[in-house]
Protein chains: 2
Amino acid sequence: MVNITFQKSACPGGECIGTVPAGSTILQAAIAAGVHLQSACGGKGTCGKCRVILPPEYRSEPLPEEKKFLSDEQIRNGIVLACKRHVQEDMAITLIQQKDVYDRKTQLEKADRRHALSPYVHKYDVNVSTPTITDQRSDWERLMAELPESHSIFRFNRRVAAKLPGILRGVSSHVTAVTAGDEILAVETGDTRDRFYGLAIDIGTTTIVVYLMNLNDGKVVARGALTNPQQGAGADVLSRIAYTADHPGGLSQLQSLVVEGLNHIISDLCREKEINSEQIYQAVVVGNTTMSHLFLGIDPTYLATAPFIPGFRQTVSLKASELGLNILGDGIVTILPIVAGYVGSDTIGVMLSGQIDTLKGIHLLLDIGTNGEMVLVGKGRILTCSTAAGPTFEGAGVKYGMRAADGAIERVRISDDVELGVIGKETEKVRGICGSGLIEAVSEMFRVGIITSEGRMITAESDIAKLSPALQERIIADTGGREFVLAWKDQTVSGENVTITQKDIRGLQLAKGAILAGIRVLMAHLEVSPEDIEMIHLAGAFGNYISRESALGIGLLPQVPLAKIQSIGNAAGNGAQMALLSTIEMAKANQYALVTEHIELSADKLFQDEFLEALALG
Amino acid sequence: MVNITFQKSACPGGECIGTVPAGSTILQAAIAAGVHLQSACGGKGTCGKCRVILPPEYRSEPLPEEKKFLSDEQIRNGIVLACKRHVQEDMAITLIQQKDVYDRKTQLEKADRRHALSPYVHKYDVNVSTPTITDQRSDWERLMAELPESHSIFRFNRRVAAKLPGILRGVSSHVTAVTAGDEILAVETGDTRDRFYGLAIDIGTTTIVVYLMNLNDGKVVARGALTNPQQGAGADVLSRIAYTADHPGGLSQLQSLVVEGLNHIISDLCREKEINSEQIYQAVVVGNTTMSHLFLGIDPTYLATAPFIPGFRQTVSLKASELGLNILGDGIVTILPIVAGYVGSDTIGVMLSGQIDTLKGIHLLLDIGTNGEMVLVGKGRILTCSTAAGPTFEGAGVKYGMRAADGAIERVRISDDVELGVIGKETEKVRGICGSGLIEAVSEMFRVGIITSEGRMITAESDIAKLSPALQERIIADTGGREFVLAWKDQTVSGENVTITQKDIRGLQLAKGAILAGIRVLMAHLEVSPEDIEMIHLAGAFGNYISRESALGIGLLPQVPLAKIQSIGNAAGNGAQMALLSTIEMAKANQYALVTEHIELSADKLFQDEFLEALALG
């Protein structure tokens, strides 16, 4: 076995080491270490994305695949493809642009999509003719006459027309017209084409993320995030829906909260980058179905009860001023379409980001949070379903559970004793355990025999006796039953032991059982089996940080080879970016929403059976 | 000569008597009396509109034309056609629905347009299906599915969608959808098709008028008017434009004023008729170009100076909420199109009301106020121009001038002495002289030789000596020059003589000269002469009250027979009603705006010459 060390920043929990048999690839070591490397082809050497930097002493001639994807300069700098380089001894690998997984992803994908940069919004540099006594056309008409003929029938915009007479008689009649479809969004003095911005927004139940994009080059200018200010009305969507039903004015209150939160981020980003918020012309928004309803102020009541019917599903475009979003008042806010009550535009974003139209074979896309949304693509069909995974994966409802923040256990290895990876500084004391840590812990406990496949912590003395003394010591009895100590009290901030309880395990079983059963139902509908799956794509922060081995270890995913599992980053937000930057991607979003076959699991006979079966670990 | 008395209410100045040669028609007597009778055909007996009631003692067998247009019951009740009945002796004629000329006109035209009632707004009574676990369409989609297929692609409306889930799960899922084009304006609980209203609005510089219309039958439910609250910023459009330039925030202030004024009327009308203002779904607005700009808040600055370019000209449709008009927030406010800086949508309204597409031969339409707008229709063309008539016709800038209100002299007959008709009660004392009174006075003074055709009041003793002693006495000298006394001080409220001054006559000459010159320019462009004119249509209140004889007498109009002059009432407001009630009329409005040839008189070489020539009286 060799130990491959990846630079620490890639792994918020500390030093990331992948321990693999000598002769493994660097990609395999990265997967073992839980380090996210782009690998669209799954290690076949055909996508050229899994780039890393070799230490100088190990550099050698480039391989044929590397010559194909890398420039001479990149090769001189020691860049190689991780899937093609085999490791025989310990070494330290440097990652490329690994600091911010979001930025990196966007940077990488920018190259792919540069040729397709075609935002819905346009800027036209025009010289409007001067009126005369014999040319009695109005100011609006003379402006229209200078715009491209293919767009000549624009709708009237009162706010633009109101100021147009003054603008045209200002310094010069050289102006920039901002258009979107058949609308004129603004007319600006002079040539302002270099200031051309948009937003991609991901409204999560927990976190809202805003990407400020330059529409001229498709790059992310800046990124900002905030805890969703609706949190006070409850952590999950059902609590938020109940809040709107129980509080008069609650719906508009929750709407205001999210808009204010977004405005706060926008204001920060604009100040930081010295951008005029009036020169942000479009925002493309994704979120789950409830978040879309709350953002638009649409009654979400009937999402909470069967048959879980949304108020709307189609793509919605509105003026920013109607929602109070602080970009150009006439700017367009586009909310991507919804598939069903629990499969929202965030899942459409995942489909875009996963470029499902280019995939060959059977692919599974998973976005796991409080809710798990699954997409199974193949045989010319797109199937979706969703299951309420409960808050377990986000660390809630777990005795020592917490969000993935400093002090959270997120890596667990069990051999003779327990080794922990804790988020934050190396000297950080333990505060609790986050979702991915819980999965690792249970996976490892199951692997070494502390938990049975039914999910019971072992109790028979004969079973316990098989464990190492250090592990035996960690099985303790508390008031609520048996617990397994991950961190002794001298290691923790609270001074209490941080443990995994039998109840925590049951919670995890229910959550992972629901996900796996949902996946199996989709597979049954498409008539495919695990070996047919080409790739499992894990979206979202959870997908970034979960250890693929552990996910397989507890049986959260169908049993596929490790190399067939990859993280696709914040796919929902990335999909919003793609739709913002390209009308083609926007059209795909609409198409996906139309053709997707949604399977409502509460109405699916198979689901109950699959769920009971899927509760078992492994 | 016989005296035909028309009922007093038709003539605000008191008893209306038409003195005509025995054997004249009642229509001729009505014209002589200044009483407005509908007469689309100009007295040929082919339109059947000039209906009056004969006194019982003069009733006889119906004429063939009367049998054609009148029911048996109408004939039994003494109704005859005024153009076909000749009078041999004095009698009193009763008018039909003469109380409110607006209501009457609308009533009469309703019959014409009933078959064409096709408002832009529709109401559909629909039963929306109940969702199930297997029918996962959103509430919006299930509603759409019930609407007529030809309208199936409606745009999303956030405000409607917001409440839709609750409405569909209320008492029943039986609802009424209100649509306009591709928009859903509202969804109402139950079948509300019987409550279906719209507004026709005429925003005048002086007066704003609102007609509340029932869109189910095309009838005027109620009418309200108010002095334009922008008056404080000046009486004419140039003052208002200057106000917006001189006062920061002045434009939005003037916009608010007119909207508040309209809301005041709407609120009164709705209260009076017990109508929910949310069930008013569209408003069609006409006004002069400046009024349209101020109503929409569009910078009017450049309307004030050559080349007088408007900010926009096309038909504009907006949400009521954007303007703050208190009808349904998603209701449509449509401003009819503009021809030029001084030929606005009110003139388009006049074209609609004059049904210019149905006219044969050459027709002149005139709308005279502070500004005079003229339309010459014929040879397949529509020509327009406008001239600043000044405030003379509205009684301003005249020494004893006043608006057409109680106490205003509005009829003047001069024989051996002066006979006056004063607006209001018979016992009313004189307060001043209104526009139509001024025209009558000058026309009569010219006819009897007190004024020369150059507009000079006679000064030579030999000329004065030819007048009756009573008239001689009325020619007095005041500080400003000679004056002619219309009302002696014992007849007036102020106790001062009310007179016509030389300056008043000069003002009237300039005003009428501009109008006549404009008409002549149009005629020259179309290459027609006065004898080619089939009919002169006088629009607006001025057109209602001006004596056609006097208008011809002073040479305000080309010399045509009296029968070829008719009043068409508040044609601008009536045109707004027509566009509200019929998408066909709305389409005509757009078409007229596109094809009309506007002649900007300040750029027209002919105008100067014609103007100098047109100053002469007679």
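Please read all numbers here as calculations on a predicted model, not as lab measurements. (Residues numbered from 1 in each chain as written. Chains lettered and ligands numbered in written order. Predicted model: local features only at pLDDT ≥ 70, side-chain atom pairs only at ≥ 80, totals over all residues. Heavy atoms only, no water.)

1. What to know about the overall build of chain A
Argument step 1. Each helix and strand in chain A was counted, giving 20 helices and 26 strands.
Argument step 2. For chain A, the C-alpha atoms occupy an extent of roughly 105 × 65 × 50 Å along the three principal directions.
Argument step 3. Counting all 618 residues of chain A, 59% fall into the buried class.
Argument step 4. Long-range contacts, defined as pairs at least 24 residues apart, comprise 67% of the intrachain contacts of chain A with a sequence gap of at least 6.
Argument step 5. When the accessible surface of chain A is summed, it comes to about 23,700 Å², and 51% of that surface belongs to carbon and sulfur atoms.
Argument step 6. Between the centroid of the 57 positive side chains of chain A and the centroid of its 71 negative side chains there is a distance of 2 Å. (Helix = DSSP H or I, 4+ residues; strand = E, 2+ residues; numbered from the N terminus. Buried < 20%, exposed > 50% of the residue type's maximum accessible area, 1.4 Å probe, protein only. Contact = heavy atoms within 4.5 Å. Areas by Shrake-Rupley, 256 points an atom, 1.4 Å probe, with all protein chains shown as cover. Lys, Arg positive; Asp, Glu negative; His and termini not counted. Charge placed at Lys NZ, Arg CZ, Asp CG, Glu CD.)

2. A short note on the pattern of salt bridges
Argument step 1. Scanning the model with the defined rule gives 56 salt bridges over all chains in all.
Argument step 2. One salt bridge connects Arg137 of chain A with Asp135 of chain A, and the closest N-O pair in it is separated by 2.9 Å.
Argument step 3. For Arg137 of chain A, a relative accessible area of 29% puts it in the partly exposed group.
Argument step 4. Here Asp135 of chain A falls in the buried class, since its relative accessible area comes to 17%.
Argument step 5. Between Arg193 of chain B and Asp125 of chain B there is a salt bridge whose closest N-O contact spans 3.6 Å. Linking Arg193 of chain B in the loop between β8 (183–189) and β9 (197–203) with Asp125 of chain B in strand β6 (residues 121–127), this pair joins segments that are 68 residues apart in sequence. (Salt bridge = Lys/Arg side-chain N within 4 Å of Asp/Glu carboxyl O.)

3. Observations concerning the relation of the copies chain A and chain B
Argument step 1. Structural alignment of chain A on chain B gives an RMSD of 0.2 Å, achieved by rotating through 180 degrees and translating 0.0 Å along the axis. The superposition operator between the copies reduces to a two-fold rotation axis. Taking C-alpha positions as reference, the residue of chain A nearest the rotation axis is Glu322 of chain A, located at 5.1 Å.
Argument step 2. Of all interface residues in chain A, 100% are interface residues in chain B too; the two copies therefore contact each other through one and the same surface. (Least-squares fit on C-alpha atoms with pLDDT ≥ 70 in both.)

4. Quick look at the sheet that holds strand β20 (residues 432–433) of chain A
Residues and elements named next belong to chain A.
Argument step 1. Taking strand neighbours across the sheet as the criterion, the three strands line up as β19-β18-β20 in an open arrangement whose pairing is mixed. The strands lining the two open edges of the sheet, one partner per strand, are β19 (418–422) and β20.
Argument step 2. Both strand β18 (residues 408–414) and β20 contribute to a ladder of two bridges, which runs parallel. Counterpart to Ala408 in the pairing with β20 is Gly432.
Argument step 3. Packing of helix α12 (residues 435–447) onto the sheet brings it into contact with β18 and β20, and relative to β18 it is tilted by some 15 degrees. (Pairing = 2+ DSSP bridges. Axes fitted to C-alpha atoms, helices over the stretch in contact; angles between N-to-C directions.)

5. Considerations on the side chain of Asn371 of chain B
All names here are of chain B.
Argument step 1. Within the secondary structure, Asn371 sits in strand β16 (residues 371–378).
Argument step 2. By relative accessible area, Asn371 is classed as buried at 18%.
Argument step 3. A polar side-chain atom of Asn371 sits 3.1 Å from a polar atom in the side chain of Glu373.
Argument step 4. Every residue in contact with Asn371, bar those within four places of it in the chain, is listed here: Tyr342, Ser386, Thr387, Ala388 and Ala389. (Polar contact = N/O pair within 3.5 Å; in protein donor to acceptor, adjacent residues only side chain to side chain.)

6. As for helix α6 (residues 158–168) of chain B
Residues and elements named next belong to chain B.
Argument step 1. Among the eleven residues of α6, eight are classified as buried, and the element is accordingly described as predominantly covered.
Argument step 2. Of the positions making up α6, those classed as buried are Arg158, Val160, Ala161, Ala162, Leu164, Pro165, Ile167 and Leu168.
Argument step 3. The opening residue of α6 is Asn157, an N-cap whose side-chain oxygen sits 2.9 Å from the backbone nitrogen of Arg159.

7. Quick word on the packing of helix α11 (residues 345–353) of chain A against helix α18 (residues 571–581) of chain A
Residues and elements named next belong to chain A.
Argument step 1. Relative to each other, α11 and α18 sit at 75 degrees, their axes nearing to 7 Å. Classified by the interaxial angle, the pair formed by α11 and α18 is roughly perpendicular. Where α11 approaches α18, its residues Asp346, Gly349, Val350, Leu352 and Ser353 are matched on the opposing element by Ala571, Ala572, Asn574, Gly575, Met578 and Ala579.
Argument step 2. In terms of residue class, the contact of α11 with α18 is built from six nonpolar, four polar and one charged. (Parallel < 35°, antiparallel > 145°, perpendicular 65-115°, else oblique. Nonpolar A, V, L, I, M, F, W, Y, C, P; charged D, E, K, R; others polar.)

8. Structural notes on the nonpolar core
Nonpolar side chains in soluble globular proteins tend to be buried together.
All names here are of chain A.
Argument step 1. Leu366, Phe393, Met445, Phe484, Leu556 and Leu557 are the most contacted members of the largest nonpolar core, which has 68 residues in total.
Argument step 2. The greatest single-element share of this core, amounting to twelve residues, is contributed by helix α15 (residues 502–526).
Argument step 3. The contact partners of Phe393, leaving out residues within four places of it in the chain, are Ile368, Gly369, Gly435, Ile439, Leu508, Ala511, Lys512, Ile515, Phe542 and Leu556. (Core = buried A, V, L, I, M, F, W, Y, C linked by side-chain atoms within 4.5 Å.)

9. Some points on the interface of chain A and chain B
Argument step 1. Every contact between the two is made by 43 residues of chain A and, on the other side, 43 residues of chain B.
Argument step 2. Across the interface of chain A and chain B, roughly 3,600 Å² is buried in total on both sides, 59% from carbon and sulfur atoms.
Argument step 3. The tally of links between chain A and chain B comes to six salt bridges.
Argument step 4. One salt bridge in this structure joins Arg158 of chain A and Glu322 of chain B, with 2.8 Å as the shortest N-O distance.
Argument step 5. Put simply, the parts of the chain that give the side of chain A that touches chain B at least two residues each are α5 (139–146), α6 (158–168), β13 (316–319) and α10 (320–323) of chain A.
Argument step 6. Of the residues forming the side of chain A that touches chain B, the biggest block, six residues, is contributed by α6 of chain A.
Argument step 7. For the side of chain A that touches chain B, the class distribution of residues is 20 nonpolar, ten polar and 13 charged. (Buried area = accessible area lost by both parts, 1.4 Å probe.)

10. Examining the confidence of the model for chain A
Residues and elements named next belong to chain A.
Argument step 1. Put simply, chain A has an average pLDDT of 88, and 92% of its residues get 70 or more.
Argument step 2. Confidence drops under pLDDT 50 across residues 97–115; counting only partners more than four residues distant or on other chains, this segment forms 37 contacts.
Argument step 3. Here the prediction assigns the complex a pTM of 0.76, and the interface score ipTM is 0.75. (pLDDT = per-residue confidence, 0-100.)

11. Quick look at the packing of α5 of chain A against α6 of chain A
The description of two packed helices rests on the angle between their axes and on the distance between the axes.
Residue and element names in this part refer to chain A.
Argument step 1. In the contact formed by α5 and α6, the axes pass within 9 Å of each other and the chain directions differ by 85 degrees. The pairing of α5 with α6 is recorded here as roughly perpendicular in orientation. Every residue of α6 that contacts α5 at Asp139, Trp140, Arg142 and Leu143 is listed here: Val160, Ala161, Leu164, Pro165 and Leu168.
Argument step 2. The class makeup of the residues in the contact of α5 with α6 is seven nonpolar, no polar and two charged.

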